[in-house]
Amino acid sequence: MSLRPRVIELAKDYRKTHAPLTPERLVRGIGASLSYGKLPEGKFGALVPEKNHIFIDQESAPKRQRFTLAHEVMHFLIHNDDDLLSELHEAYEGKELERQLEALCNLGAAEMLLPGEVVDEALARKGQHPRLVLELTELHQVSEEVAIIALAERGPVPSIVLMAGSKPLRVYFSAKHPHILDRVSRGTGFRRDDPLVVASETGLPQRTKTTLPNHAVPYTLEAYPRGGRVYAVYMELQT
Ligand SMILES: [Zn+2]
């Protein structure tokens, strides 16, 4: 079995064994200790394996903290799964290994907090639309990151899902389907005439064909502005 389904299995088992996944139960499940404090800009949590300790950024929102916790628990679970770990090291190295590991921990964390079946059901009902990020967030009390990861992974058309905010508009968080090669990192900005900027400035949803910032491949974009943020799904063009 490839890495992604195995990571999802690990996360599912953990959820079933330790539900309900309150922060306390999340940490207790791996026998770790937990503390909160200040982390450098852009860092939300850290696992110290030698001390079996998880450190969480005190300034992020509670739902974001819970996602970070689940992410750090996934680091622990993957770290302690010899088969998975050796397969990961066979497939990747260096920076790409790091990137893949982070993406796998995100994937597992999302599955822990938001079961895949729930996401599939929402997708079947409403289609691959950025409104779903908010719907899943509100209905299931998870952070936007969790909903974004799950939608990017499970959407029937391979896509990149992201949220952006601030002025000038920049990317806060994004996730991509494994078949998509383009990636956008946190902090990426947009051209002034980008449809996401238009959505942000007019408050009107946008549906159009466009490219990601700094990329050439065109996608079908659905952009949905709300609460000072823009949620977007960039779907691979269907031929
Ligand atoms: Zn990590």
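Residues numbered from 1 in each chain as written. Predicted model: local features only at pLDDT ≥ 70, side-chain atom pairs only at ≥ 80, totals over all residues. Heavy atoms only, no water.

Points about the coordination of the zinc ion
So, point 1. For the zinc ion, the protein coordination sphere consists of His71 (NE2), His75 (NE2), Glu102 (OE) and Glu102 (OE), at 2.0 to 2.8 Å.
So, point 2. The sequence pattern describing where the donors of the zinc ion fall on their chain is H-x3-H-x26-E. Taken together, the positions of histidine 75 in helix H3 (residues 62-79) and glutamate 102 in helix H5 (residues 94-113) put the pair 27 residues apart, joining distant regions of the chain.
So, point 3. Overall, histidine 75 belongs to the buried group, its relative accessible area being 16%.
So, point 4. Glutamate 102 gets classed as partly exposed once you look at its relative accessible area, which sits at 35%. (Donors = N, O, S within 2.8 Å, 3.2 Å for Na, K, Ca; no water. Helix = DSSP H or I, 4+ residues; strand = E, 2+ residues; numbered from the N terminus. Buried < 20%, exposed > 50% of the residue type's maximum accessible area, 1.4 Å probe, protein only.)

Quick look at the nonpolar core
So, point 1. Membership of the largest hydrophobic core comes to 57 residues, with the highest contact counts inside it found for Met74 and Met112.
So, point 2. Considering every element that reaches this core, the biggest residue donor is H5, with eight residues.
So, point 3. Apart from the residues within four sequence positions on either side, methionine 112 is in contact with Ala11, Tyr14, Arg15, Leu21, Leu26, Ala70, Val73, Met74 and Leu77.
So, point 4. Listed in part, the 18 residues of the second largest apolar core include Ile160, Phe190, Val197 and Leu212. (Core = buried A, V, L, I, M, F, W, Y, C linked by side-chain atoms within 4.5 Å. Contact = heavy atoms within 4.5 Å.)

Concerning the pairing of strand E8 (residues 229-236)
So, point 1. Burial of E8 is extensive: six of the eight residues sit out of reach of the surface.
So, point 2. As judged from the six bridges shared by strand E4 (residues 159-165) and E8, these two strands associate in the antiparallel manner. Its bridge partner lying in E8, isoleucine 160 is registered against tyrosine 234.
So, point 3. Looking at chain direction, strand E7 (residues 218-226) and E8 are connected through eight bridges and run antiparallel. The residue of E8 that forms the bridge with arginine 226 is arginine 229. (Pairing = 2+ DSSP bridges.)

A word on the packing of aromatic side chains
The geometry of an aromatic ring pair is captured by two quantities: the separation of the ring centres and the angle between the planes.
So, point 1. Inspection of every chain in the model, using the stated rule, returns two aromatic pairs.
So, point 2. For the pair tyrosine 219 and tyrosine 234, a centre-to-centre distance of 6.2 Å together with 80° between the ring planes defines the contact as edge-to-face. A residue pair is termed long-range when its members are at least 10 positions apart, and tyrosine 219 in strand E7 and tyrosine 234 in strand E8 qualify at 15 residues. There is no split in this pair, since tyrosine 219 and tyrosine 234 are both buried.
So, point 3. Over the aromatic face of tyrosine 224 sits the side chain of arginine 131, whose NZ or CZ is 5.8 Å from the ring centroid. (Phe/Tyr/Trp six-rings, centres within 6.5 Å; stacked < 30°, edge-to-face > 60°. Lys NZ or Arg CZ within 6 Å of the ring centre and 35° of its normal.)

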